[in-house]
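Residues per chain are reported as follows:
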Amino acid sequence: MLHLIEQLYGPFFSAANWGNVVTSANDWLIILSLAIIECLLSVDNAVVLAAQTQSLDNLQEREKSLFYGLWGAYVFRFLIIGIGTYLISFWEIKVLGAAYLGYLVYRYFSQPKAGETVEKKPKKQRRFFGLSKFWSVVLQIEMMDIIFSIDSVLASLAISDNPVIVLIGGMIGIACMRGIAEVIMRLMRKIPELETMAYCLIVLIAIKLFISIPAIGWDIPATAFGGIVLAAFAVTLAIHFWRRRRNRGQQLEERMRK
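A short tour of the structure in this document, coming up.

Parameters at a glance
- Residues numbered from 1 in each chain as written.
- Predicted model: local features only at pLDDT ≥ 70, side-chain atom pairs only at ≥ 80, totals over all residues.
- Heavy atoms only, no water.
- Helix = DSSP H or I, 4+ residues; strand = E, 2+ residues; numbered from the N terminus.
- Buried < 20%, exposed > 50% of the residue type's maximum accessible area, 1.4 Å probe, protein only.
- Contact = heavy atoms within 4.5 Å.
- Areas by Shrake-Rupley, 256 points an atom, 1.4 Å probe, with all protein chains shown as cover.
- Axes fitted to C-alpha atoms, helices over the stretch in contact; angles between N-to-C directions.
- Parallel < 35°, antiparallel > 145°, perpendicular 65-115°, else oblique.
- Left-handed = near helix turned anticlockwise from the far one by under 90°.
- Nonpolar A, V, L, I, M, F, W, Y, C, P; charged D, E, K, R; others polar.
- Salt bridge = Lys/Arg side-chain N within 4 Å of Asp/Glu carboxyl O.
- Phe/Tyr/Trp six-rings, centres within 6.5 Å; stacked < 30°, edge-to-face > 60°.

**Considering the overall build of the protein chain**
Then comes step 1: In terms of helices and strands, the protein chain carries ten helices and zero strands.
Then comes step 2: Order of helices (α) and strands (β) in the protein chain, N terminus to C terminus: α-α-α-α-α-α-α-α-α-α.
Then comes step 3: Per-residue burial over the protein chain gives 41% buried out of 258 residues.
Then comes step 4: In the protein chain, of all internal contacts separated by at least 6 residues, the share reaching a separation of at least 24 is 83%.
Then comes step 5: Within the structure as shown, the protein chain displays about 15100 Å² of accessible surface, and the carbon and sulfur contribution to it stands at 65%.

As structure tokens, this is what we get:
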């Protein structure tokens, strides 16, 4: 057992390996490439994370949950890279992840929307393992990190078999992805329609996860998915500004009648 752990994680603690990577221009080019790949593959992750934080009460808690999720992601990424060669056998994680995302979408669209009258019931906070609402969201973020890290780690290991290079590229990519999630989160506060758009995209993300299992073997390219996200964002902005203009027109008509 100790021999296996040393074989999987020994390269991370080799000073010579780190020295070679840090002083090699070619290795830094590979690291830059891996960071870009990580960002492209993490667009869907950023959408999910931004949507998950919306259950928290204020912006400070949402940003704090992403901060803790960031450090947790670093730890899990270190562990997952070490066993990266075995991750291909963990296709069951993708199935569970797709099912969980489907549940998130169902929960969102089954909630009463503004203007709907429903029977008032004591509001229950969804918690995991007795944790507070905040730490439950952090735990959900970590779960999504584990699920979404499979594709990015395997893609990175296909480019470089040096775990130190993969680790550095992954760390840079995770930081960029968290930045994207924070931007989306802030935009959701100003443009409420973006939250609905996020959950519509999560349906596509769940399908994307499921069809990528070895038994099916299909995949939506990262560039194509990025284009879908941009298109959905543009349509949502158009709907938002159209609604705002319509509301202003209705308010103006009401003032003129008075």
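**A look at the packing of helix 2 (residues 15-22) against helix 8 (residues 163-190)**
Then comes step 1: Contact geometry for helix 2 and helix 8: axes closest at 9 Å, N-to-C directions at 60 degrees. Relative to helix 8, the element helix 2 is oriented oblique. Helix 8 is crossed by helix 2, and the crossing has right-handed handedness. In this structure, helix 2 uses Asn-17, Trp-18 and Val-21 to contact helix 8, whose residues at the interface are Val-164, Ile-165, Leu-167 and Ile-168.
Then comes step 2: Looking at the contact of helix 2 with helix 8 residue by residue, the classes come out as six nonpolar, one polar and no charged.

**Examining the pattern of salt bridges**
Then comes step 1: If you walk through the whole model with that rule in mind, you get one salt bridge.
Then comes step 2: Its salt-bridge partner being Arg-243, residue Glu-193 comes within 3.5 Å of it at the nearest N-O pair. Remark: Arg-243 occurs in helix 10 (residues 222-257) and Glu-193 occurs in helix 9 (residues 193-211); sequence separation between them is 50 residues.
Then comes step 3: Of the residues examined, Glu-193 reaches a relative accessible area of 16% and is grouped as buried.

**Let's talk about the packing of aromatic side chains**
Then comes step 1: Going through the model one piece at a time under the given rule, you end up with four aromatic pairs.
Then comes step 2: Centroid distance Tyr-68 to Trp-135: 5.0 Å. Interplanar angle 50 degrees. Geometry classified as tilted. With Tyr-68 in helix 5 (residues 59-82) and Trp-135 in helix 7 (residues 133-159), the pair connects residues that are 67 residues apart, well separated along the chain.
Then comes step 3: Of the residues examined, Trp-135 reaches a relative accessible area of 40% and is grouped as partly exposed.
Then comes step 4: Ring geometry for Phe-134 and Trp-135: centres 5.1 Å apart, planes at 80 degrees, overall edge-to-face.
Then comes step 5: Judged by its relative accessible area of 11%, Phe-134 falls in the buried class.
Then comes step 6: An aromatic cluster is defined as three or more aromatic residues linked by ring pairs; in this entry it consists of Phe-67, Tyr-68, Phe-134 and Trp-135.

So, to be careful, I would describe these as geometric facts and stop short of saying anything about function.
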